[in-house]
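Given next are the chains, with one letter for each unit.
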Amino acid sequence: MSEQIENNGMELLKTIANVSGKSGLFRILKPSRAGVIVESLDDKREKSLIGPTARVSVLKDVSIFTDGEEESIALSEVFLKIKEVHGEEIKLAVKGASDKELIEFLSEILPDFDRSKVYVSDIKKIITWFNLLSKYVPELFIAASEEVEEVEADNSTTEEKA
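Residues numbered from 1 in each chain as written. Predicted model: local features only at pLDDT ≥ 70, side-chain atom pairs only at ≥ 80, totals over all residues. Heavy atoms only, no water.

Which parts of the structure should I look at to understand the sheet that holds strand β5 (residues 56–58)?
Adjacent strands of a sheet form backbone hydrogen bonds with each other and so pair up, either parallel or antiparallel. In spatial order, the strands read β4-β3-β2-β1-β5; together these 5 strands make up an open sheet with antiparallel pairing. Strands with a single pairing partner mark the edges of an open sheet, and in this sheet they are β4 (47–50) and β5. On average, each strand axis in the sheet is inclined to that of its neighbour by 45°, with strand direction left out of account. Direction of pairing for strand β2 (residues 26–32) relative to strand β3 (residues 35–40): antiparallel, over a ladder of 6 bridges. Bridge pairing links Lys-30 to Ile-37 in β3. (Pairing = 2+ DSSP bridges. Helix = DSSP H or I, 4+ residues; strand = E, 2+ residues; numbered from the N terminus. Axes fitted to C-alpha atoms, helices over the stretch in contact; angles between N-to-C directions.)

What follows is the structure, given as structure tokens:
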């Protein structure tokens, strides 16, 4: 996947975060002296202040460990692969799925993920996060898929000229 696609298509991930100890995802609204003001990505859209001692992980900075040449792959690339394979929503029920089903799910998307560093709980988060983003921030995937189409069109035009 080209770097241009990731930089432009999934740029919205820099405004989405996971807060340790809180379920779900949050849109970062603005920093303040006392922490960060966030809005929950759900139907309630609750705004709250996250203190400066809380562990906030911006999704753009999250990656998945792999066994391949690269030590990890950006979460944004994993999300794009999931979208290609599963479409708008992952039908696998996180709570009812066995560990084996969850591992098989990620193996289908990312065959070389590092099984010693990526836990079942991480796979559950990936599925939950993808479904939340697909439902509440669909423009994330629309922009990314348009970028992919543009780059593919450019590549085919370049190949025709050669």
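Any chance you could explain the side chain of Asn-18 here in plain terms?
Looking at the secondary structure, you find Asn-18 in strand β1 (residues 16–19). Accessibility expressed as a relative area gives 13% for Asn-18, which makes it buried. Discounting residues that sit within four places of it in the chain, Asn-18 has contacts with Gly-24, Leu-25, Arg-55, Val-56, Ser-57 and Trp-129. (Buried < 20%, exposed > 50% of the residue type's maximum accessible area, 1.4 Å probe, protein only. Contact = heavy atoms within 4.5 Å.)

Looking at this structure, I do not really get the packing of helix α3 (residues 99–109) against helix α4 (residues 120–136). What am I missing?
Each packed pair of helices is defined by two parameters, the angle between the axes and the distance between the axes. Relative orientation of the contacting elements α3 and α4 amounts to 60°, with a least axis distance of 10 Å. Considering the relative orientation of α3 and α4, their crossing is left-handed. From α3, Asp-99, Leu-102, Ile-103, Phe-105 and Leu-106 reach across to α4, where they touch Val-120, Ile-123, Lys-124, Ile-126 and Ile-127. For the contact of α3 with α4, the per-class residue count stands at 8 nonpolar, no polar and 2 charged. (Left-handed = near helix turned anticlockwise from the far one by under 90°. Nonpolar A, V, L, I, M, F, W, Y, C, P; charged D, E, K, R; others polar.)

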